[in-house]
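Residue-level structure breakdown
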Amino acid sequence: MTLVSPFLPLGAGDGDSGAGDDDQLGIATKTRAKPKKPSQFKVLMLNDDYTPMEFVVMVLKRFFHMDLEQATRVMLHVHQKGVGVCGIFPYEIAETKVNQVMDFARQNQHPLQCTLEKA
């Protein structure tokens with residue numbers, strides 16, 4: 001009678017080394033696809049005839065971390081062209097920035113509009 005250890009695979013305790021068997025155990029591996037970068041979205045500011053330029057500059061500095069010169073440049077672009085890009089971000093961040101700007105403008109009783117579009 002041959003004893004088989006409960007800790008060995010079947011056939012391992014019968015004196016056979018297992019070499020050349022087709023029943024070999026291996027490690028299952030799964031190749032992962034590279035995670036793709038999240039889609040980017042432009043945060044756009046729209047011009048209106050009522051929001052003061054100084055308020056727009058303050059918004060650009062506060063929510064988009066622009067310095068005074070860059071914020072002034074973007075504000076003038078929005079004023080002259082009707083729309084301007086404040087930044088490009090992944091969707092969740094862009095959406096948050098739009099909501100922050102709109103809420104802040106409303107709290108300060110300005111009709112400033114901000115939106116996003118796919119970059």
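Refer to the structure above for everything that follows.
Residues numbered from 1 in each chain as written. Predicted model: local features only at pLDDT ≥ 70, side-chain atom pairs only at ≥ 80, totals over all residues. Heavy atoms only, no water.

Further remarks concern the sheet that holds strand β3 (residues 113-118). Strand order across the open sheet formed by 3 strands is β2-β1-β3, with antiparallel pairing between neighbours. The open sheet terminates on both sides in strands that have one partner only, identified here as β2 (83-90) and β3. The sheet shows a mean angle of 30 degrees between the axes of neighbouring strands, taken without regard to direction. Pairing of strand β1 (residues 40-46) with β3 involves 6 bridges; the strand directions are antiparallel. The residue bridging Leu44 from the neighbouring strand is Thr115, located in β3. Taken strand by strand, helix α2 (residues 68-81) contacts β1 and β2, and its axis lies near 125 degrees from that of β2. Running at roughly 165 degrees to β3, helix α3 (residues 91-107) makes contact with β1, β2 and β3 of the sheet. (Pairing = 2+ DSSP bridges. Helix = DSSP H or I, 4+ residues; strand = E, 2+ residues; numbered from the N terminus. Axes fitted to C-alpha atoms, helices over the stretch in contact; angles between N-to-C directions. Contact = heavy atoms within 4.5 Å.)

A few words on the pairing of β1. Of the pairings in the sheet, the one linking β1 to β2 comprises 7 bridges and is antiparallel in character. If you follow Leu46 over to β2, its bridge partner there is Val83.

With that out of the way, let us pick up the pattern of salt bridges. Two side chains of opposite charge can pair, provided their charged atoms sit close to one another. Scanning all chains against the criterion turns up 3 salt bridges. Residues Glu69 and Arg73 are paired through a salt bridge, measuring 3.2 Å at the closest nitrogen-oxygen approach. Of this pair, Glu69 and Arg73 both sit in helix α2, 4 residues apart, which is roughly one turn of the helix. Arg73 shares its class with Glu69; the two are exposed. Where Arg106 meets Asp103, a salt bridge forms, and the shortest distance between an N and an O atom there is 3.1 Å. (Salt bridge = Lys/Arg side-chain N within 4 Å of Asp/Glu carboxyl O. Buried < 20%, exposed > 50% of the residue type's maximum accessible area, 1.4 Å probe, protein only.)

Okay, the nonpolar core next. Counting residues in each nonpolar core, the largest one holds 25 residues, and the members touching the most others are Val43, Met45, Val59, Leu60, Phe64, Val101 and Leu112. Residue assignment for this core shows that the elements contributing at least two residues are β1, α1 (53-64), α2, β2 and α3. It is α1 that provides the largest number of residues to this core, a total of 7 residues. Excluding residues that lie within four positions of it along the chain, Met45 makes contacts with Val56, Val59, Leu60, Val78, Gly82, Val83, Gly84, Cys86, Val101, Leu112, Gln113 and Cys114. (Core = buried A, V, L, I, M, F, W, Y, C linked by side-chain atoms within 4.5 Å.)

Aromatic rings in a pair are described by how distant their centres are and how their planes are angled relative to each other. This model, assessed by the stated rule, comprises 4 aromatic pairs. Each ring, one from Phe63 and one from Phe104, has its centre 5.5 Å from the other, and the planes form 70 degrees; the classification is edge-to-face. Of this pair, Phe63 sits in helix α1 while Phe104 sits in helix α3, placing them 41 residues apart in sequence. Given a relative accessible area of 12%, Phe63 falls into the buried group. Clustering of aromatic rings is evident, with ring pairs tying together Phe55, Phe63 and Phe104. The ring of Phe64 carries the charged tip of Lys97 above its face, separated from the ring centre by 5.7 Å. (Phe/Tyr/Trp six-rings, centres within 6.5 Å; stacked < 30°, edge-to-face > 60°. Lys NZ or Arg CZ within 6 Å of the ring centre and 35° of its normal.)

Worth remembering: the numbers are spatial, not functional.
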